[in-house]
Each structure stands twice: as C-alpha cells, then as structure tokens.
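Close look at the chain arrangement
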Amino acid sequence: MTGEVWNDLLSSALVGTDRRKAVLPAVDGALKAVLPVGELDPESLLAAAAVVTVARRAGQQAARVAAPVPAPAETMPLAPAGAQDRLGRLLSGLDGDLDRATSRELAGEWLRLAADRGLRAAPQLLVTLLELGCAESSLRPLIRAAGGERLTWLCVEGPGRWAWAAESDADPDPADWDTGRVAERAAYLAHLRERDPAAGRELLLATWPQEKAADLAVLVDACEAGLGPEDEAWLEKALDGRSGQVREAAVRLLAALPGSAYRQRMKERALAGVTAPARGRLEVHLPTAFDAGMRRDGVVEKTLAGVGERSHWLRQCIAAAPLDCWSAYGDSPEAFLTRQARQADDDWGNPLRHGLARAAIEQRDVRWARALIRTASSPTAATCTPTWPRCCPRTS
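The structure reproduced in this document is the subject of the present report. All residue numbers here refer to positions counted from 1 along the written sequence of the relevant chain. Per-residue local features of the predicted model are confined to residues with pLDDT of at least 70, and side-chain atom pairs are confined, for both listing and counting, to 80 or more; whole-chain, interface and lining totals are unaffected and use all residues. Calculation of side-chain values draws on the structure's entire complement of heavy atoms; hydrogens and water are dropped beforehand.

Note on aromatic contacts: the rings of Phe and Tyr and the six-membered ring of Trp form a pair at centre separations within 6.5 Å, being stacked when their planes are under 30 degrees apart, edge-to-face when over 60 apart, and tilted otherwise. According to the stated counting rule, one finds six aromatic pairs in the structure shown. With a centroid separation of 5.4 Å and an interplanar angle of 55°, the aromatic rings of Phe290 and Trp313 are classed as tilted. With Phe290 in the loop between strand E4 (281-284) and helix H14 (292-296) and Trp313 in helix H15 (residues 309-320), this pair connects stretches of sequence that are 23 residues apart. The buried label goes to any residue with under 20% of its type's maximum accessible area, the exposed label to any with over 50%, and the partly exposed label to all in between, with areas taken from a 1.4 Å probe on protein chains only. Judged by its relative accessible area of 15%, Phe290 falls in the buried class. Members of the aromatic cluster, connected to one another through ring pairs, are Trp326, Tyr329, Phe336 and Trp368. The lysine or arginine in question, Arg185, covers the ring of Trp177, its NZ or CZ lying 4.2 Å from the ring centre. Secondary structure counts use DSSP, requiring at least four H or I residues in a row for a helix and at least two E residues in a row for a strand, with both numbered from the N terminus. Over a ring means this: the NZ of a Lys or the CZ of an Arg is within 6 Å of the ring centre and within 35 degrees of the ring normal.

See the structure below:
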C-alpha cells in the first residue's frame, strides 16, 4: 500500500501540484492516523512524503548475513610487542623521518626477518598488510609468510583485491584471464610470463585499451616475471599514459631493467646535479625547475614535510640512477662518500646521501650499503643533513 501512495506523491512532486493534483485515498492500519485524506497542497504533500518514507524504511526486513566461518587457530607465535609497534609505525607512516618508499622497504625487511624466525604479525595489522600487498607485489610472499592462518581467512572474507593472499600450489586457470578478478588475472599473467614472456606481453597489450587504470597497474606489476630488454618499448610507451598508477608501475620495471633508457636519463640527471670540480670536493646543483620529462619518469613534484622542493627532486633522481654511474669520478664508494660536499646554489645541505642510500636499497648493492654505513659518522662525509635551524621556515 505504501508503494502505491509513494508513487502518487512522487509524480505530483516532480511536476508540481498545480499540474498534477495529489489526492490520497483513505488508508488502513497505522498510517490512517497520520496521513491526510483527499487533495493535498504542496506543504501537505511534503509532510505526507516524509511519513511514507519512514513507513517504507521501517517496513523493510533486515538483511540476513551468514556468519563467517571462524578463523583457524594460529600455529606461529606472535612477534614481540616492541617489534609489532615498530611495524605498526612503518605501515601507518607515523615515523615522520622516513618517506613512503623507505617505510615500505623497512616494512619488507621486518617481514623478512619475521618469516625467517617463524613469527607472525599482530591481527590488527593484517588489513594494512593486505593493502600493502595490493600496492607492492614484491612483498606478497613475505606478507603471506608473516600473516599466519588469519591472513588467508581474512582474504577470503574480504574484498576481491585481497585474493592474491590465498596461496595456491595449483597453476592458474587460463579462464581466469577472461573472467577472474584482477588478482587472479595478474597471477595468470605472471605464470604465463615465467614460461613465455613474449606471450604474456602480447596478451596484456591486446587488452590494454579496455583495462581500467587501477587494474592495468596491477597487471603491469605482474610483468616483473620474465622481465627483459624486449619489454622496454611498451613500458616506455606506458610512461606517456595519463594514469599515474600505470606510470609508477612502469617506472618500477624500467628501473629494474639494466641498460634501459630510463636508467640512462636518471644517470644524466644525477650527474648533472652532482659534480666534482676539484679532487676531494663535490658540488650539488639543484634542478632549477620541474619539467615534463621528470614527471614522465615518475619524479614526484610535491615535497615531503621539511624538505625543499628542488632537493626533493634531485634526491629522487640520485636514488633512481645506477650506482655505477659514480665511477665516472674514479672513486671507490668510500672515497666518493668522504669527499667534502657543498651545495653550489643553496645552503640547505644536499640530498646526496639520502638518494644514494635509497639507491643502495633498491639496487641491493652491498658494497655501497657498507660504505654508507662506515662513512655515516665521518666529519668529512657528503652529508644530507639540513643546515637550517629547525625553527626556520622551509621554502624552495
């Protein structure tokens, strides 16, 4: 009955009571005492519509949701409370001294150590870890290892983008490419790329125009399997797309491709920013402007809190440049790092050491990592510590 009354009220409200009279018939039941009968003026129509709206909502039956099957019992012990707190801070970005890339790298190291020791992450961190795995496919095996039984249970009960966490020894079904969720499609693509990189590449490129940007970024990440020089052309083309997510995924693969044009461009930017005019001395020249080429290559324009914009740009270029480019100055890593550094066109302190540390992590270069650690406390080390007082404003 309320459905019929609602339709009459809606029709009159849409065209106006002067063009379509709203006439309510007598009704039975609880509404009889609150609904007017007969022709309604505009004010009475709105009052009647409010009454019918409440009646319709109150009359709906609550949806019945089946209770999920309880999570299985855990077999691994929890990591210590202090370690859990550290992981929580890394995942939430509460450590203001670290940028997002460094926080993710350290979270990956935490997961690696936990997996080696047979320890698991706290249940309250699992949702954040699942979201991290959606963004960083390289961390997924470690997240599975440190997630425990509840992680697998949670990915089944949660949204489809968490499907990657449901570990399976079976080969992906080819039908997943056409009908599966994005995680299942990515798993099939990675499996195909491991066996036949060219076939996987052609499969992705054939559907490229129809893919949503978010899905496309996940599928590009899956092409890390079987990555080779033949992939450079289509990854370079992906940098010209409009989606930042897809460009970011393409940059990650190009950065991992030895000899790529992307790595060469970053090398040129880094060497233009750090020069050695005299033996034992470095000069850091900050970029004068943020250009379209930097944006195309994934350099982030917006600065972090407390870091000058131009320093932020150069630091990213140094981090993405191959570490062997610094051999142009004829130094070992230790000798290079102990050169006295000064900034040629700014007195804030240079971004060199932070960029090199990020490069050593990304490129897993043990020699540079050791040199960075050994020279960290050297009074002559090329330092990235800002020289401005903390109370001073930071502008670029």
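Looking now at the side chain of Asp231. Along the chain, Asp231 falls in the loop between helix H10 (213-222) and helix H11 (232-238). Think of a polar contact as two N or O atoms within 3.5 Å of one another; within protein, one of them needs to be a possible hydrogen donor and the other a possible acceptor, and neighboring residues in sequence only count if both atoms come from side chains. Within the structure, the side chain of Asp231 is placed 2.8 Å from the side chain of Arg193, a separation counted as a polar contact. At 3.0 Å, the side chain of Asp231 forms a polar contact with the side chain of Arg201. Whether two residues are in contact is decided by their heavy atoms: any pair within 4.5 Å suffices. In this view, Asp231 contacts Arg193, Arg201 and Gly226; residues no more than four positions away in its chain are not counted.

What follows deals with the side chain of Arg358. In this fold, Arg358 is placed in helix H17 (residues 352-362). The exposure class of Arg358 is buried, given its relative accessible area of 11%. At 2.7 Å, the side chain of Arg358 forms a polar contact with the side chain of Glu362. Not counting residues up to four positions away in its chain, the partners in contact with Arg358 are Ala101, Thr102, Glu105 and Ala319.

Turning our eyes to something else, we now look at the pairing of strand E3 (residues 274-278). If DSSP finds at least two bridges between two strands, the strands pair. For E3 and E4, the ladder comprises three bridges, and the chain directions are antiparallel. Residue pairing across strands places Ala278 opposite Arg281, the latter belonging to E4. Linking E3 back to E4 in an antiparallel pair, the connection comprises two residues, with Gly280 at a positive phi of about 80°.

What follows is about the environment of Arg193. Considering the arrangement of structural elements, one finds Arg193 in helix H8 (residues 182-195). Setting aside anything within four residues of it in sequence, one finds Arg193 in contact with Gly200, Arg201, Cys223, Ala225, Gly226, Leu227 and Asp231. A polar contact is formed between the side chain of Arg193 and the backbone oxygen of Pro197, at a distance of 3.1 Å. Within the structure, Arg193 has its side chain in polar contact with the backbone oxygen of Ala225 (distance 2.9 Å).

On to the pattern of salt bridges, then. Any Lys or Arg side-chain nitrogen located within 4 Å of an Asp or Glu carboxyl oxygen qualifies as a salt bridge. One pass over the full model with this rule turns up 16 salt bridges. One salt bridge connects Arg185 with Glu211, and the closest N-O pair in it is separated by 2.7 Å. Placement of Arg185 in helix H8 and of Glu211 in the loop between helix H9 (197-207) and H10 is noted, with a sequence separation of 26 residues between them. Across the pair, exposure class does not vary: Arg185 and Glu211 are buried alike. Between Arg201 and Asp231 there is a salt bridge whose closest N-O contact spans 3.0 Å. Placement of Arg201 in helix H9 and of Asp231 in the loop between H10 and H11 is noted, with a sequence separation of 30 residues between them. Residue classification places Arg201 among the buried residues on the basis of a relative accessible area of 13%. Asp231 sits in the buried class, given a relative accessible area of 1%. One salt-bridge network, in which partners are shared between bridges, spans Glu236, Asp240, Arg265, Arg269, Arg296 and Asp297.

The phi torsion at Arg364 lies on the positive side, around 50°, for a residue other than glycine. Looking at where Arg364 falls in the secondary structure, it is placed in the loop between H17 and helix H18 (366-374).

Take the environment of Pro70 next. When you line up the elements, Pro70 lands in the loop between helix H2 (42-58) and helix H3 (81-92). Considering only alpha carbons, one finds Pro70 and Arg150, 80 residues apart in sequence, at a separation of 9.4 Å.

In this scheme, a helix's expected span is set at 1.5 Å multiplied by one less than its residue total. For helix H12 (residues 244-255), spanning twelve residues, the distance from its first C-alpha to its last is 16 Å, which sits close to the expected 16 Å at 1.5 Å a residue. Considered for burial, the residues of H12 that qualify are Val246, Arg247, Ala249, Ala250, Val251, Leu253 and Leu254.

On to the nonpolar core. Soluble, globular proteins show a tendency: their nonpolar side chains are buried together. To form a nonpolar core, buried Ala, Val, Leu, Ile, Met, Phe, Trp, Tyr and Cys residues must be joined to one another through side-chain atoms within 4.5 Å. Core analysis: the biggest nonpolar cluster contains 55 residues, and Leu204, Ile318, Trp326, Phe336, Leu356 and Trp368 have the highest contact counts within it. For Trp326, the contacting residues outside a window of four places in its chain are Ala270, Leu271, Val274, Ile318, Phe336, Leu356 and Trp368. Core analysis: the next-biggest nonpolar cluster, separate from the first, contains 29 residues, Ala121, Leu125, Leu126 and Cys155 among them.

This part is about H9. Residues that lie three or four places apart on an α-helix share one face, since the helix turns once every 3.6 residues. Of all the residues in H9, the buried ones are Gly200, Arg201 and Leu204. An end-on view of H9 places all buried positions within 100° of arc, on one side of the element. Packing partners of the buried residues in H9 comprise helix H7 (176-179), H8, H10 and H11. Here the arc refers to the directions that run from the helix axis out to each C-beta atom.

Contact geometry of H17 with H18 gives a least axis separation of 9 Å together with a crossing angle of 145°. Our pair here, H17 against H18, has a crossing hand that is left-handed. Between H17 and H18, the residues in contact are Arg353, Leu356, Ala357 and Ala360 and Trp368, Ala369, Ala371, Leu372 and Ile373, respectively. Note on geometry: axes are C-alpha line fits, over the in-contact stretch for helices, and angles between N-to-C directions span 0 to 180 degrees. Should the near helix be turned anticlockwise from the far one by less than a right angle, the crossing is termed left-handed; should it be turned clockwise, right-handed.

Limitation: the analysis is restricted to geometry and does not speak to function.
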